[in-house]
Amino acid sequence: LSSNVRRRRNAHRRGDDQRTNMKHLIALVVCLLGSSVYAQSKAELLKDQNLFRVNCGACHSIGCNRNGPKLEGVIGRKAGTVADFKYYSSELKGSGIVWSDKAVEEYIADPAKMVPGTSMAGALRVVSATERQGVVAHVRRQDKSIDLCM
């Protein structure tokens, strides 16, 4: 083969090698980003679980009634309507609230302000907006892994 043909063939191979290397580099970057996002998601999930456990877990679970009603399906539900929970205050039952992310955040910030006379009036208030969002994120996930149901 002539030297020109060999040079072109080698240049073509180097181009293939460079393209292959670039594909490997892109795949590596995607994997690293994916694992970073997963680790961040896992850390966020654990943080939200802990916020729920510390602020709400003494009385509430996702899947069962405790001192407070279960929170399974709470987003979109009218306040005071879990059929097998008998300890709602008349104030909460008559409030007309339909639970949304915003309504839950407002309520856990200061239950007595939102519904004067509620039985949750003496409950721990979640002062930090970031923490309230974490609690709502946990409730939205409907994560029963930390429930203390009997």
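Use the structure listed above.
Computed from a predicted model, the values in this text were never measured in an experiment.

Asks: Which residues make up helix α5 (residues 129–141), and what are the values?
Replies: With 13 residues, α5 extends 18 Å between its outermost C-alpha atoms, agreeing within 8% with the 18 Å of an ideal straight helix rising 1.5 Å per residue. Among the residues of α5, those classed as buried are R132, G134, V135, V136, H138 and V139. Where α5 begins, one side-chain oxygen reaches toward the backbone nitrogen of T130, 3.3 Å away; that side chain belongs to S128. Of the residues one or two after α5, Q142 is the one with positive phi, at around 55 degrees.

Asks: Account for the state of the cysteines, naming residues and giving values.
Replies: One pass over the structure, following the stated rule, counts one disulfide. Covalent S-S linkage joins C64 and C149, the inter-sulfur distance amounting to 2.0 Å. With the S-S bond torsion at -95 degrees, the cross-link from C64 to C149 turns out left-handed. With C64 in the loop between α1 (3–55) and α2 (90–93) and C149 in the segment after α5, this residue pair connects regions lying 85 residues apart in the sequence. Among the cysteines around C56, which has no disulfide bond, C59 carries the closest sulfur, lying 9.0 Å off.

Asks: Could you give an account of the nonpolar core, naming the residues involved and the relevant values?
Replies: Note that soluble globular proteins tend to have their nonpolar side chains buried in a common cluster. By size, the foremost hydrophobic cluster in this structure holds 23 residues, and its most contacted members are F52, L71, L92, I97, W99, V135 and V139. Secondary-structure elements contributing two or more residues to this core are α1, α3 (101–109) and α5. With four residues, α3 is the single largest residue contributor to this core.

Asks: Now, about unusual backbone geometry: what can you tell me, with residues and values included?
Replies: Backbone geometry places Q142, a non-glycine residue, at a positive phi of 55 degrees. By the secondary structure assignment, Q142 is in the segment after α5. Among the residues examined, Q142 registers a relative accessible area of 26% and is labelled partly exposed.

Asks: For the pattern of salt bridges, give the residues involved together with the corresponding values.
Replies: Evaluation of the coordinates by the stated rule reveals seven salt bridges. E44 is paired through a salt bridge with K47; the nearest N and O atoms lie 3.4 Å apart. Taken as a pair, E44 and K47 lie in helix α1 at a separation of three residues, close to a single helical turn. A relative accessible area of 35% places K47 in the partly exposed class. With a shortest N-O distance of 4.0 Å, K70 and D84 are connected by a salt bridge. Pair noted here: K70 is in the loop between α1 and α2 and D84 is in the loop between α1 and α2, with a separation of 14 residues, a long-range link. For D84, a relative accessible area of 44% translates into the label partly exposed. Through salt bridges with shared partners, a single ionic network connects E44, K47, D48 and R141.

Asks: Hey, could you go over the packing of aromatic side chains for me, with residue numbers and the actual values?
Replies: In the structure shown here, the tally under the stated rule is three aromatic pairs. Judged by centre distance (5.6 Å) and plane angle (80 degrees), the rings of F85 and Y87 are edge-to-face. The exposed category is assigned to Y87, whose relative accessible area is 61%. Summarising the aromatic geometry, the rings of F85 and Y88 are spaced 4.9 Å apart at their centres and angled 75 degrees between planes, so their arrangement reads as edge-to-face. Residue Y88 is classed as buried on the basis of its relative accessible area, which comes to 15%. One aromatic cluster in this structure is built from F85, Y87 and Y88.

The rules behind these values
- Note on numbering: residues in each chain are counted from 1, in written sequence order.
- Thresholds applied to this predicted model are a pLDDT of at least 70 for local features of residues and 80 or more for the giving and counting of side-chain atom pairs; totals over whole chains, interfaces and linings are not thresholded and use all residues.
- The side-chain values count all of the structure's non-hydrogen atoms but skip hydrogen atoms and water molecules.
- In this text, helices come from DSSP runs of H or I with a minimum length of four residues, and strands from runs of E with a minimum of two, each type numbered from the N-terminal end.
- Here a helix's expected span is defined as the number of its residues, less one, multiplied by 1.5 Å.
- Each residue is assigned to one of three classes by its accessible area relative to the maximum for its type, calculated with a 1.4 Å probe on protein chains only: buried under 20%, partly exposed between the two thresholds, exposed over 50%.
- Any pair of N or O atoms that falls within 3.5 Å is considered a polar contact. Within protein, one atom must be able to donate a hydrogen and the other to accept it, and sequence-neighbouring residues count only if both atoms are side-chain atoms.
- Two cysteine sulfurs form what is called a disulfide whenever their separation falls within 2.5 Å.
- The criterion is simple. A nonpolar core is a set of buried Ala, Val, Leu, Ile, Met, Phe, Trp, Tyr and Cys residues joined through side-chain atoms within 4.5 Å.
- By convention in these notes, a salt bridge is any Lys or Arg side-chain nitrogen within 4 Å of a carboxyl oxygen on Asp or Glu.
- Working definition: a ring pair exists when centres of Phe, Tyr or Trp rings (six-membered ring for Trp) sit within 6.5 Å. Plane angles under 30 degrees give stacked, over 60 give edge-to-face, the rest tilted.

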